[in-house]
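Each chain, letter by letter, is given below.
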Amino acid sequence: MKYLLPLSILLGLTLSSCSETNTTDALAAHQSAQATIAGNTELSEMSLYNLESEWQNEDDETVKLVQLNGKVQLVAMMYTNCTYACPRIVADLKRIEAKLDNYKKEDVGIVLVTMDPENDTPEKLQQFATDNNLDPDRWTLLTSDEMNIQELAVLLNMKYKNGGKGEIAHSNIITVLNAGGEIIHQQEGLGKDPDETVKTIDGLLRSI
Amino acid sequence: MMLHRLLLFVLLVGVCGNVQAQKSLPKNMVNVKGGTFVPLYGNDSIPVKVKTFLMDVYPVTNTEYLAFVNKYPKWRKSAVKKIFADESYLKNWTADLNIGPNAAKIQNSPVVNVSWFSAKAYCECQGKRLATVEEWEYAALASETKANAANDDKFYQRSIEWYSKPNPTYLPPVKESFRNYYGLHGMIGLVWEWTQNFNSAMVVGESRADVTMDRQLFCGSGSDGAKDVKNYVAFMRYAFRSSLKANYTVANLGFRCAKSI
């Protein structure tokens, strides 16, 4: 399996960003289908959903980020072996979730992206979701190959460094995306008062 | 008959020789022999191991980048999405496929005003990748004569002088730039360069909070985490990288590609 990883990364690379043929057409078709749901016509230039990479969710389905379109999404990065910060960032997300009781699950989603794709297989992510009682209607857990994760991380202003030995130094950021995938707000640090984030989400949902 | 055999032999050797050469060293790349070094970030002084890798001899030039956008329209000035490259992307180019009025002067100079995303795409389209910070810094330790010139005061002094010079109006052609031990040109004294994991330097004042990194990174105690403050040029590079976002394009920031072996 370890030996397959570089190959899959290589394939992923060639597929994702260096196709001469216009993969954007297929994507555009997909996007417009999604956008109809969202009620918009087109993704803005600053939408994270412009990333064309492929991801696996906790059910081992292959998804594109654009499929998150149409909902307000809270996004954070973590890894399941993380003992200190990640449980706290999940706790912070749950605190925000608890304040969103008024809203339907179709309106707000929460996305956890792993920083440790080598270890965090879809099965591990599924287990993590179960262990932490994450409501599958609300939460999505994603993994992909290292380069795709890095691309998303830079867009989320996340800095992280895999020090090996299962330890990853990383910043802790909860990002609020609007229904079109643009970054509207970021809550940085752990154990922060979620009020501002919740207010931002409230504002976005009222305007939908 | 003898002659025929000899000819065949020469042909075979010729063919195989070519294949061999291509396999071991793609055009305009050199082998950077692996080793260990202590990078300038974090509080730990643990040496980092760098595996032997291939690196482009020169930073990517305007002409080369023009060929790339010609082939991949998605990366042309008018087409690129703002999330992948900000508004100063290829600022001095006058059109999608036009380097600008000074083309004659800068066609073989490094392309600048490119984003991390565009640099990354360029390398991937050549079957390469951006170098990691570790690989780049490791290769940049070299002077003309030594693989590791970290303790060479004269080399260090010269590097500082290079960095303290203002940018010239026209960047010089890549071939005219400083050539180091590995045969790499312009690792110092030409342009800053994008690296694959530019966002990985965790030089922060208070690592537990890791908050508002943009502001805290190099203020106050930020530099306390740095390993070898004597190497001020490396420190500047780490600071500069930390200040970047992936869609930023800067007037003296270019790139070159690398490849694993």
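What you see is a predicted model; the values in this text were computed from it and never measured.

1. What about the overall build of chain B?
Helix and strand counts for chain B stand at 8 helices and 8 strands. Per-residue burial for chain B yields a buried fraction of 37% across its 261 residues. Expressed as a percentage of contacts within chain B between residues at least 6 apart in sequence, the contacts between residues at least 24 apart total 74%.

2. A short note on the overall build of chain A
A tally of helices and strands in chain A yields 6 helices and 9 strands. The buried share among the 208 residues of chain A stands at 41%. For chain A, restricting intrachain contacts to residue pairs at least 6 apart in sequence, the fraction spanning at least 24 positions comes to 69%.

3. Some points on the environment of L204(A)
All names here are of chain A. Locating L204 in the fold gives a position in helix α6 (residues 195-207). Look at L204 and you get partly exposed, because 19 C-beta atoms sit within 10 Å. In the structure, L204 is positioned 28 residues away from V176 in sequence and 9.7 Å away in space, judged by C-alpha atoms. Apart from the residues within four sequence positions on either side, L204 is in contact with V72, N178 and I184.

4. Some points on the sheet that holds strand β9 (residues 183-188) of chain A
Residues and elements named next belong to chain A. Ordered by their spatial adjacency, 7 strands build an open sheet running β2-β1-β5-β4-β3-β8-β9, and the pairing between neighbours is mixed. A strand with exactly one partner marks an edge of an open sheet, and here the two such strands are β2 (62-64) and β9. This sheet shows a mean twist of 35° between the axes of neighbouring strands, independent of strand direction. Bridge analysis of strand β1 (residues 54-57) against strand β5 (residues 139-143) gives 2 bridges, and the strand direction is antiparallel. In the strand pairing of β5, Q56 is matched with T143. Across the sheet, helix α3 (residues 85-98) touches β3 (72-78), β4 (108-114) and β8 (173-177), and the angle it forms with β3 is around 165°. Sitting on the sheet, α6 is in contact with β3, β4, β8 and β9, with an inclination near 165° to β9.

5. A look at the pairing of β3(A)
Residues and elements named next belong to chain A. Most of β3 sits out of view: 7 of its 7 residues are buried. Here β3 shows no split at all, with V72, L74, A76 and M78 on one side and Q73, V75 and M77 on the other all buried. Bridge count between β3 and β4: 7 bridges; the pairing is parallel. What sits directly across from Q73, in β4, is G109. Handedness of the β-α-β unit built from β3, α3 and β4 comes out right-handed.

6. Looking at the sheet that holds strand β1 (residues 29-32) of chain B
Residues and elements named next belong to chain B. An order of β1-β4-β8-β5 is seen for the 4 strands of this open sheet, with the pairing classed as antiparallel. What marks the edges here is a single partner per strand, and that holds for β1 and β5 (129-130). Relative to strand β4 (residues 53-56), β1 is paired through 4 bridges, and the arrangement is antiparallel. Within β4, the residue paired with V30 across the bridge is M55.

7. Observations concerning the confidence of the model for chain A
Looking at chain A, pLDDT values average 82 and 78% of them are 70 or higher. Below pLDDT 50 for its whole length, residues 21-40 of chain A participates in 19 contacts with residues either more than four positions away or in separate chains.

8. What about the environment of P47(B)?
Residue and element names in this part refer to chain B. Structurally, P47 can be placed in the loop between β2 (35-37) and β3 (48-50). According to the C-beta neighbour criterion, P47 is exposed, with 11 such atoms within 10 Å. C-alpha separation for the pair P47 and R237, spaced 190 residues apart in sequence, amounts to 19 Å. Not counting residues within four places of it along the chain, the set of residues in contact with P47 comprises T36, F37 and V38.

9. Observations concerning helix α5 (residues 146-155) of chain A
The element α5(A) is extensively covered by neighbouring structure, given that 9 of its 10 residues are classed as buried. Just downstream of α5(A), N157(A) is the residue with a positive phi angle, here 60°.

Thresholds, definitions, all that
- What you see as residue numbers is a count from 1 along each chain, following the sequence as written.
- To read the labels, note that chains go from A and ligands from 1, taken in the order they are written.
- In view of the model being predicted, local features appear only for residues whose pLDDT reaches at least 70, and side-chain atom pairs are presented and counted only at 80 or more, with totals across whole chains, interfaces and linings using the full set of residues.
- The numbering of helices and of strands both runs from the N terminus, where a helix is a DSSP run of H or I of at least 4 residues and a strand a run of E of at least 2.
- With C-beta atoms placed from the backbone, the exposure class of a residue follows from how many other C-beta atoms lie within 10 Å of its own: 20 or more, buried; 12 or fewer, exposed; in between, partly exposed.
- Whether two residues are in contact is decided by their C-beta atoms, placed from the backbone, lying within 7 Å.
- Any two strands between which DSSP finds at least two bridges are classified as paired.
- To get an axis, fit a line to the C-alpha atoms, keeping to the stretch in contact for a helix; angles then go from 0 to 180 degrees between the N-to-C directions.
- Handedness of a crossover: with both strands directed away from the viewer, a clockwise path from the first strand across the helix to the second marks it as right-handed.
- Summary of the metric used: pLDDT quantifies the predictor's per-residue confidence within the range 0 to 100.

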